[in-house]
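If you want the building blocks of each chain, they are given just below.
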Amino acid sequence: MPFNSLEYFVFLWAAVLCFYAVPDRAKRPVLLAACYAFYAFWNLHFALFLLSATAATYFLALRMECASRAGEKRLCFSAALLFLLGAFVFFKGLPLWRQSFSFLNHVAVPVGFSYYTFRLLSYVLDVSWEKTRPEKDLVSFASYVAFFPHLLSGPIQRPEEFFPQYKTLPKIDLELWSSGLRLILCGLFKKLVVADNLALIVDNVFGHSTQYGAVPLWIASYAFYLQIYADFSGLTDIAIGSGRLFGIDSPPNFNTPYLAKNIQDFWRRWHMTLCRWINDYLFLPLRLQLRNAGDAGMVLALFISMLAISLWHGLSSGFIAFGILQGVLISVSVFTLQARNRFFKEKKALSVLRGFMGPLVTFHLLMFSFIFFRCATFSEAVGYISRMFQGPLQFRMLNMGLEAKAILGCVLALALAEWFERSRFTRTPVALRLSVYYSAITGLLMFGRFWPKEFIYFKF
């Protein structure tokens, strides 16, 4: 039941109507049932594994709080970490394990596994550090883990962000519904109109890169960098918008990352909930432990954090190279920032140039690094980049005018979606907004069903 399908929209509204139709005491069980029905649609075994991970974490966290001895608390904490991290390594490394163990060929990676594992890990760590008390109500906790708008694609919401909203039973709020439907509409537009059209160029060129010369390879690189943003931000727009229909709002996941002025600014704007998770639960503890190592400790903490982000996506050599490259880029950016600030403070005439060149250079550095993300292996990415700076080899020419116009059109469409997403239209009657959004969503879904294309981040 992908988010860009008519079936999902029907299911969503059926769940919303049931949620608000039942008495207050039944709302939470109904929502939980809808979450597991949604996940079981993908695979019943996935739902059973989710249930087992939820139950194990729930009981171990309770045991941690009531443990009378420090050793018992550490044992429960270690068991929870071992279970969650062990499952994470197993499923993320499944393509590698299959090469050695053929009986694993029938094992599939649960969809959304990365997202709910990180939610469970943050919960276990917060309980262990006594930042939060364990949730006593199993239905509430299971709903936090399995909340279906966020289950497959995030955002990675924290317990303290979810439970206060979840436990305040919402009434129908047409303004909140309007903002939710607007986000869903923007997300579908980004996916169906922008990302899927760019995918026609990207899949063709990246899939047969040795048959193209330099110019098509450059075009496809720009196209992919735009595609992955439109695709992923569209996915989280739909997720956040769907959650608002149940009265659950979420932290944003993107903030115009292509306007980032440097690399660290980009990672504050891109996949923000994952980066916040890595910062709070990995980078800051590492930085504290390595504080006596000075700059070397900072570099090591940055590299480990960036590598963790890449391994969250998978264990392929392309993802690993992507993480290492991000570690290099962010380390250089961090350690040269003060010198650059001093230089431009002294050369005030160049500050305007910096405001333009900073985002431009950052854009291209990230565009090149995302080639490693797109290619299956490190060697494939290196070969792709090397051909970008060579003359045409076995040159099969794209229709350059048409492709350039398509990319320009997608850029303009993406800018329009970004503007519309941040607009409010509060002076327009809410009933009119709801009907317009609903009709536009239905039209996009009817249009998109003829060329269904999976979201890129569904596989993570």
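Report follows, based on the coordinates. On a predicted model such as this, the values are computed, not experimentally measured, just so you know. (Residues numbered from 1 in each chain as written. Predicted model: local features only at pLDDT ≥ 70, side-chain atom pairs only at ≥ 80, totals over all residues. Heavy atoms only, no water.)

**Focus on the nonpolar core**
By size, the foremost hydrophobic cluster in this structure holds 141 residues, and its most contacted members are Phe148, Phe246, Trp267, Trp270, Phe370 and Tyr457. In terms of residue count, the dominant contributor to this core is helix 11 (residues 214–244) (14 residues). Apart from the residues within four sequence positions on either side, tryptophan 267 is in contact with Cys275, Met306, Ile309, Phe322, Gln326 and Ile330. (Core = buried A, V, L, I, M, F, W, Y, C linked by side-chain atoms within 4.5 Å. Buried < 20%, exposed > 50% of the residue type's maximum accessible area, 1.4 Å probe, protein only. Helix = DSSP H or I, 4+ residues; strand = E, 2+ residues; numbered from the N terminus. Contact = heavy atoms within 4.5 Å.)

**Re unusual backbone geometry**
Put simply, glycine 154 and proline 155 share a cis peptide bond, and its omega is 0°. Relative to the helices and strands, proline 155 is located in the loop between helix 8 (148–151) and helix 9 (159–167). For threonine 256, which is not a glycine, the phi torsion comes out positive at approximately 40°. Take threonine 256: it is sitting in the loop between helix 11 and helix 12 (263–269). With phi around 45°, histidine 271 is a residue other than glycine that occupies positive phi space. Relative to the helices and strands, histidine 271 is located in the loop between helix 12 and helix 13 (272–289).

**Quick word on helix 16 (residues 351–374)**
Given a rise of 1.5 Å per residue, 24 residues ought to cover 34 Å, and the 34 Å separating the end C-alpha atoms of helix 16 matches this to within 8%. Maximal helix bending in helix 16 amounts to about 30°, located at methionine 357; proline proline 359 follows within four positions. For helix 16, the set of buried residues is Gly358, Pro359, Thr362, Phe363, Leu366, Met367, Ser369, Phe370, Ile371, Phe372 and Phe373. Where helix 16 is buried, its residues meet helix 10 (174–207), helix 11, helix 12, helix 14 (294–313), helix 15 (317–346) and helix 17 (378–388). (Expected span 1.5 Å × (residues − 1). Bend = angle between axes of the 7 residues up to and from the residue.)

**Quick notes on the layout of surface pockets**
For the largest pocket, the calculated volume is near 600 Å³. In terms of lining, the largest pocket is formed by 27 residues, of which the most central are His313, Phe319, Ile456, Lys459 and Phe460. At the level of elements, helix 4 (70–92), helix 5 (94–100), helix 10, helix 11 and helix 16 are the ones that each hand at least two residues to the lining of the largest pocket. Residues of the lining of the largest pocket, tallied by class, amount to 14 nonpolar, four polar and nine charged. Estimates place the volume of the second largest pocket at around 410 Å³. In terms of lining residues, the second largest pocket is bounded by 20 residues, among which Lys261, Asn262, Arg340, Gly358 and Thr362 are the most central. (1 Å grid on protein atoms, 1.4 Å probe; cavity = no way out; pocket = protein on both sides within 12 Å on 5 of 7 lines; lining within 4 Å. Points joined across faces, edges and corners; volume = space filled by probe spheres on them. Nonpolar A, V, L, I, M, F, W, Y, C, P; charged D, E, K, R; others polar.)

**Structural notes on the environment of alanine 56**
Locating alanine 56 in the fold gives a position in helix 3 (residues 44–66). Relative accessible area serves as the criterion here: at 24%, alanine 56 is assigned to the partly exposed category. Linking alanine 56 and leucine 84, residues 28 residues apart in sequence, is a C-alpha distance of 9.6 Å.

**Remarks on empty space enclosed by the protein**
Enumeration according to the criterion identifies two cavities of 30 Å³ or more in this entry. Of the pockets and cavities examined, the largest cavity occupies roughly 50 Å³. Around the largest cavity, the lining residues are Phe19, Arg28, Leu31, Gln165, Tyr166, Thr168, Leu169, Pro170, Phe246, Gly247 and Ile248. At the level of elements, helix 2 (24–42) and helix 9 are the ones that each hand at least two residues to the lining of the largest cavity. Here the lining of the largest cavity is built from residues that sort into seven nonpolar, three polar and one charged. As a volume, the second largest cavity reaches approximately 40 Å³. Forming the boundary of the second largest cavity are Trp267, Trp270, His271, Ile309, His313, Phe322, Phe370, Phe373 and Tyr457. If you list the elements that add at least two residues to the lining of the second largest cavity, you get helix 14 and helix 16. Split by residue class, the lining of the second largest cavity holds seven nonpolar, two polar and no charged.

**Side note on the packing of helix 3 against helix 7 (residues 138–146)**
Where helix 3 contacts helix 7, the two axes come as close as 10 Å, and the packing angle between them is 130°. Classified by the angle between their axes, helix 3 and helix 7 sit oblique to one another. Relative to helix 7, the crossing made by helix 3 is right-handed. Touching Leu50, Thr54, Thr57 and Tyr58 of helix 3 are Leu138, Phe141, Ala142, Val145 and Ala146, all from helix 7. Looking at the contact of helix 3 with helix 7 residue by residue, the classes come out as seven nonpolar, two polar and no charged. (Axes fitted to C-alpha atoms, helices over the stretch in contact; angles between N-to-C directions. Parallel < 35°, antiparallel > 145°, perpendicular 65-115°, else oblique. Left-handed = near helix turned anticlockwise from the far one by under 90°.)

**Quick word on the packing of helix 4 against helix 6 (residues 113–128)**
Interaxial distance between helix 4 and helix 6 falls to 11 Å at its minimum, and their mutual angle equals 165°. The pairing of helix 4 with helix 6 is recorded here as roughly antiparallel in orientation. Considering how the two elements wind past one another, helix 4 and helix 6 form a crossing that is left-handed. Residues Lys73, Phe77, Ala80, Leu81, Leu84, Leu85, Ala87, Phe88, Phe91 and Lys92 of helix 4 touch helix 6, and the partners they reach there are Phe113, Ser114, Thr117, Phe118, Leu120, Leu121, Val124, Leu125 and Ser128. Looking at side-chain class alone, the contact of helix 4 with helix 6 contains 14 nonpolar, three polar and two charged residues.

Just distances and angles here, no functional claims.
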